[in-house]
Amino acid sequence: MMARALSGVSVDEGQLAFAMHDVWKSFGGIAALSGAELALKAGEIHALIGENGAGKSTMINIAIGVHRPDRGRLTLRGQPVEFSRPKDAVERGISVVHQERNLVAKFSVAENLFLGRPPVVGGVVSYRRMVAEARPWLDEVGLDIDPLVEAGRLSPGQAQLMEIAKALAQDCQVLLLDEPTSSITEGEFAHLFEILRNLRSRGTSILFVSHKLEEVYALCDRVTVLRDGRNVVTGQPLGDLNQGEIIHAMVGRSIEMLAGAARKTSHVGPARLELADVSTQFGHVGLDLTVHAGEIVGLYGLVGAGRTELARCLVGLAKITGGVVRIDSRPVKIRNPFDALRNHRLGYVSEDRKGEGLILQHSISRNVSITVWQRVQGLLGWLTEPRARRLVREPLARLNVRMDRLSQPVASLSGGNQQKVSAAKWIAADAEVLIFDEPTVGIDVAAKDAMHRLLRELAEQGKAVLLISSDLREVIQLSDRILVMGGFRLLGELDNSGDYDEVSREVMRAITAASSGGPGSDR
């Protein structure tokens, strides 16, 4: 077999479980991949990283037959292959677990596991056999759940493992994982890593797409880095590259990340958002919270703490059942997000950007201008596109949204750029109180850096920012004060010294000292 040079690493094609060679793909004249290469060995975990929009999703979609390359070739165990649809790839042993779950919520775990290929006895689907055949695959990934339970009742971590079990049940030999830890807890991803290492030891080829470099270094053997659809690093052993070199390869420059001392406001203004003895329909009781102009208050807690539910109540998406909410010292009762923005200048960047934050089929300009329609409508109340575009250009440029044109559908953007658009609409609205719920989940290191800088700039401009994040390091880097929530109660408030080890110990002490029970869960 011929050996191919992979960034200084020689790999015999006979060793490759799956490979993409000189792959090109364009959409509407815009190049998504330009001569891209990928080579996966049997029994390895291979990282694929790059900025949002670098071409990672296009590469995965070509690998599973969603798209066909304009040029180039794919090989499976050294033999050329062509996939016209995802079913073709699955039948050849290639499966993908997407960042957004693809489970049917109202179907049982067993029904999801064998969706499209249920066991049949005598021409009739056998649910008894389906349940019996589901159990070994659930055991394979350590899921101790009833196969008859509805998939919609699974936690994000359980749903993730369920997707992997589904892939294994299809005799998967090449497993493609797109941001698998973006919505799961630390305990769940530790379990996930154990499963992936076991699969590697049995010869499965795993492609691991992640923006979290700590996870990449903890798990992966080799790395491929894409930038603007081209390979910058191809199949390099991770031990040969440090994190700074990886970041430079991703973005073409060094990024001085915001690690280090916590932000300290030069001036804290009056209270903009106040909660006094607040209760909610979700079970929050006795919440007292204040966010001042010019400060960032971090709200940290484990999954299930009640943070997202509180945010939804504050913007009128759910009910506050007791206590008082004040904005600029005035008691308010907010009916819905429109009322929150129009009458109280309160904005909410939802963690669910696709379900709540954006209208995916609408243009970028329409999505950003949705919060300022009253300012851009013309005579007779018609929305005028030219006026909308004038208002949205500045916030989009400020966040460095990578796009072809303002009229392009938001659905065509990468996840990180969609997140930026979701934030940009509240910047355009000039909201004075802003709630950011998991603003950096699933976005790359450069986009994360841009979002961090935006939050700091907003506070410096006198905005009041409530930051909800499951990334404790992020909370410590950005916040002036940190509130800890657990079981739908506030467990404590910490001054932020910026010392990660010290503050993280205090946070965990507050969580473990309190009762862990509480209704509901963060979404």
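Residues numbered from 1 in each chain as written. Predicted model: local features only at pLDDT ≥ 70, side-chain atom pairs only at ≥ 80, totals over all residues. Heavy atoms only, no water.

Undergrad: When you look at the overall build of the protein in this model, what are you seeing that I'm missing?
TA: Scanning the protein from N- to C-terminus turns up 18 helices and 24 strands. Out of the 523 residues in the protein, the part that is buried amounts to 53%. Look at the contacts in the protein between residues 6 or more apart in sequence, and 67% of them connect residues 24 or more apart. If you sum the accessible surface of the protein, you get close to 22,500 Å²; carbon and sulfur atoms cover 49% of it. (Helix = DSSP H or I, 4+ residues; strand = E, 2+ residues; numbered from the N terminus. Buried < 20%, exposed > 50% of the residue type's maximum accessible area, 1.4 Å probe, protein only. Contact = heavy atoms within 4.5 Å. Areas by Shrake-Rupley, 256 points an atom, 1.4 Å probe, with all protein chains shown as cover.)

Undergrad: Got a minute to help me understand the sheet that holds strand 4 (residues 30-41) in this structure?
TA: To summarise the sheet geometry, strands pair through backbone hydrogen bonds and adopt either a parallel or an antiparallel arrangement. The four strands are arranged 4-3-6-7 in an open sheet whose pairing can be described as antiparallel. For this open sheet the edge positions go to strand 4 and strand 7 (79-81), each flanked by a neighbour on one side alone. Adjacent strand axes in the sheet meet at a mean angle of 25° when their direction is disregarded. As paired strands, strand 6 (residues 71-76) and strand 7 are joined by three bridges and run antiparallel to one another. Residue pairing across strands places Leu76 opposite Gln79, the latter belonging to strand 7. Across the sheet, helix 1 (residues 56-63) is in contact with strand 3 (16-27), strand 4 and strand 6; its angle to strand 3 comes to roughly 115°. (Pairing = 2+ DSSP bridges. Axes fitted to C-alpha atoms, helices over the stretch in contact; angles between N-to-C directions.)

Undergrad: Which parts of the structure should I look at to understand the pairing of strand 15 (residues 271-280)?
TA: Side-chain direction in a regular strand flips from residue to residue, so the side chains alternate between the two faces of the sheet. Where burial is concerned, most of strand 15 is hidden: seven out of the 10 residues are buried. In this sheet, strand 16 (residues 287-292) lies alongside strand 15 in antiparallel orientation, the contact comprising five bridges. Its bridge partner lying in strand 16, Glu274 is registered against Thr290. The turn joining strand 15 and strand 16, which pair antiparallel and follow one another in sequence, is formed by six residues; a positive phi near 115° is taken by Gly283. The pairing of strand 15 with strand 18 (residues 320-327) spans six bridges and is classified as antiparallel. When the bridges of strand 18 are listed, Leu275 appears paired with Val325.

Undergrad: Where do I start with the sheet that holds strand 23 (residues 481-486) in this structure?
TA: Sheet architecture is open: six strands sit in the order 20-21-22-17-23-24, paired in mixed fashion. Either end of the sheet is taken by a strand with one partner, and the two such strands are strand 20 (346-349) and strand 24 (489-495). Strand-to-strand twist in this sheet, taken as the mean axis angle between neighbours without regard to direction, amounts to 20°. With six bridges joining them, strand 23 and strand 24 adopt antiparallel strand pairing. Paired with Arg481 across the strands is Asp495, a residue of strand 24. On the sheet, helix 9 (residues 307-314) packs against strand 17 (296-300), strand 20, strand 21 (433-437), strand 22 (464-468) and strand 23 and is oriented at approximately 145° with respect to strand 20.

Undergrad: Mind showing me how you'd approach unusual backbone geometry here?
TA: Most peptide bonds take the trans configuration, and most residues that are not glycine carry a negative phi. Phi at Asp22 is positive, roughly 50°, even though this residue is not glycine. Position of Asp22 among the secondary structure elements: in strand 3. Look at Asp22 and you get partly exposed, because its relative accessible area is 37%. In the Ramachandran plot, Ser329 falls in the positive-phi region, its phi being about 70° despite a non-glycine side chain. With respect to the element layout, Ser329 can be found in the loop between strand 18 and strand 19 (330-332). The exposure class of Ser329 is exposed, given its relative accessible area of 51%.

Undergrad: What is the right way to look at the pattern of salt bridges in this model?
TA: Enumeration over the complete set of coordinates arrives at 25 salt bridges. Glu140 is the partner of Arg202 in a salt bridge, and the nearest nitrogen-oxygen pair spans 2.4 Å. Of this pair, Arg202 sits in the loop between helix 6 (186-201) and strand 12 (205-209) while Glu140 sits in helix 4 (residues 127-140); the two residues are 62 residues apart in sequence, bridging distant segments of the chain. On the accessibility criterion, Arg202 (55% relative accessible area) is exposed. Overlapping salt bridges, with partners in common, bring together Arg272, Asp328, Arg345, Asp430, Glu432 and Lys463 in one network. (Salt bridge = Lys/Arg side-chain N within 4 Å of Asp/Glu carboxyl O.)

Undergrad: It is not clear to me how the nonpolar core should be interpreted in this structure. Could you clarify?
TA: Note on soluble globular proteins: their nonpolar side chains tend to be buried together. Of all hydrophobic cores here, the largest spans 51 residues; its most connected members are Ile164, Leu175, Leu196, Phe208 and Val223. Setting aside chain neighbours within four positions, we find Ile164 in contact with Val97, Val141, Leu175, Leu177, Leu192, Leu196 and Leu199. With 32 residues, the next largest nonpolar core counts Val349, Leu358, Trp426 and Leu467 among its residues. (Core = buried A, V, L, I, M, F, W, Y, C linked by side-chain atoms within 4.5 Å.)

Undergrad: I'm lost on the confidence of the model for the protein in this one. Help?
TA: Should the pLDDT be low somewhere, the predicted coordinates at that spot are not to be read in detail. Looking at the protein, pLDDT values average 85 and 89% of them are 70 or higher. Low confidence marks residues 1-9, where pLDDT is under 50. Its contacts with residues over four positions away, or in another chain, come to 27 contacts. Here residues 515-523 is a poorly scored stretch, pLDDT under 50, and it has 26 contacts once near neighbours within four places are set aside; other chains count. (pLDDT = per-residue confidence, 0-100.)

Undergrad: What should I look at first to understand the environment of Asn496 in this one?
TA: Looking at the element boundaries, Asn496 is found in the loop between strand 24 and helix 18 (500-513). For Asn496, a relative accessible area of 1% corresponds to the buried category. Between the C-alpha atom of Asn496 and that of Ser479, which follows or precedes it by 17 residues, the distance is 7.0 Å. There is a polar contact of 2.7 Å between the side chain of Asn496 and the backbone oxygen of Ser479. (Polar contact = N/O pair within 3.5 Å; in protein donor to acceptor, adjacent residues only side chain to side chain.)

Undergrad: How should I be thinking about the packing of aromatic side chains in this particular structure?
TA: To describe a pair of aromatic rings, one takes the distance between the centres and the angle between the planes. Under the criterion given, the structure shown has one aromatic pair. Each ring, one from Phe193 and one from Phe208, has its centre 6.0 Å from the other, and the planes form 80°; the classification is edge-to-face. With Phe193 in helix 6 and Phe208 in strand 12, this residue pair connects regions lying 15 residues apart in the sequence. In this structure, Phe193 and Phe208 share a single accessibility class: buried. In this structure, Arg71 is placed above the aromatic ring of Trp24, and the distance from its NZ or CZ to the ring centre is 4.5 Å. Across from the ring centre of Tyr500, 3.9 Å away, lies the NZ or CZ of Arg473, which sits over that ring. (Phe/Tyr/Trp six-rings, centres within 6.5 Å; stacked < 30°, edge-to-face > 60°. Lys NZ or Arg CZ within 6 Å of the ring centre and 35° of its normal.)

Undergrad: Help me understand the packing of helix 4 against helix 5 (residues 156-169), please; the structure alone is not making it clear to me.
TA: To characterise two packed helices, one gives the angle between the axes of the helices and the distance between these axes. Contact geometry for helix 4 and helix 5: axes closest at 9 Å, N-to-C directions at 120°. Relative to helix 5, the element helix 4 lies oblique. With respect to the hand of their crossing, helix 4 and helix 5 are arranged in right-handed fashion. Contacts between helix 4 and helix 5 pair Trp137, Leu138 and Glu140 from the former with Met162, Ala165, Leu168 and Ala169 from the latter. Residue composition of the contact of helix 4 with helix 5, grouped by class: six nonpolar, no polar and one charged. (Parallel < 35°, antiparallel > 145°, perpendicular 65-115°, else oblique. Left-handed = near helix turned anticlockwise from the far one by under 90°. Nonpolar A, V, L, I, M, F, W, Y, C, P; charged D, E, K, R; others polar.)

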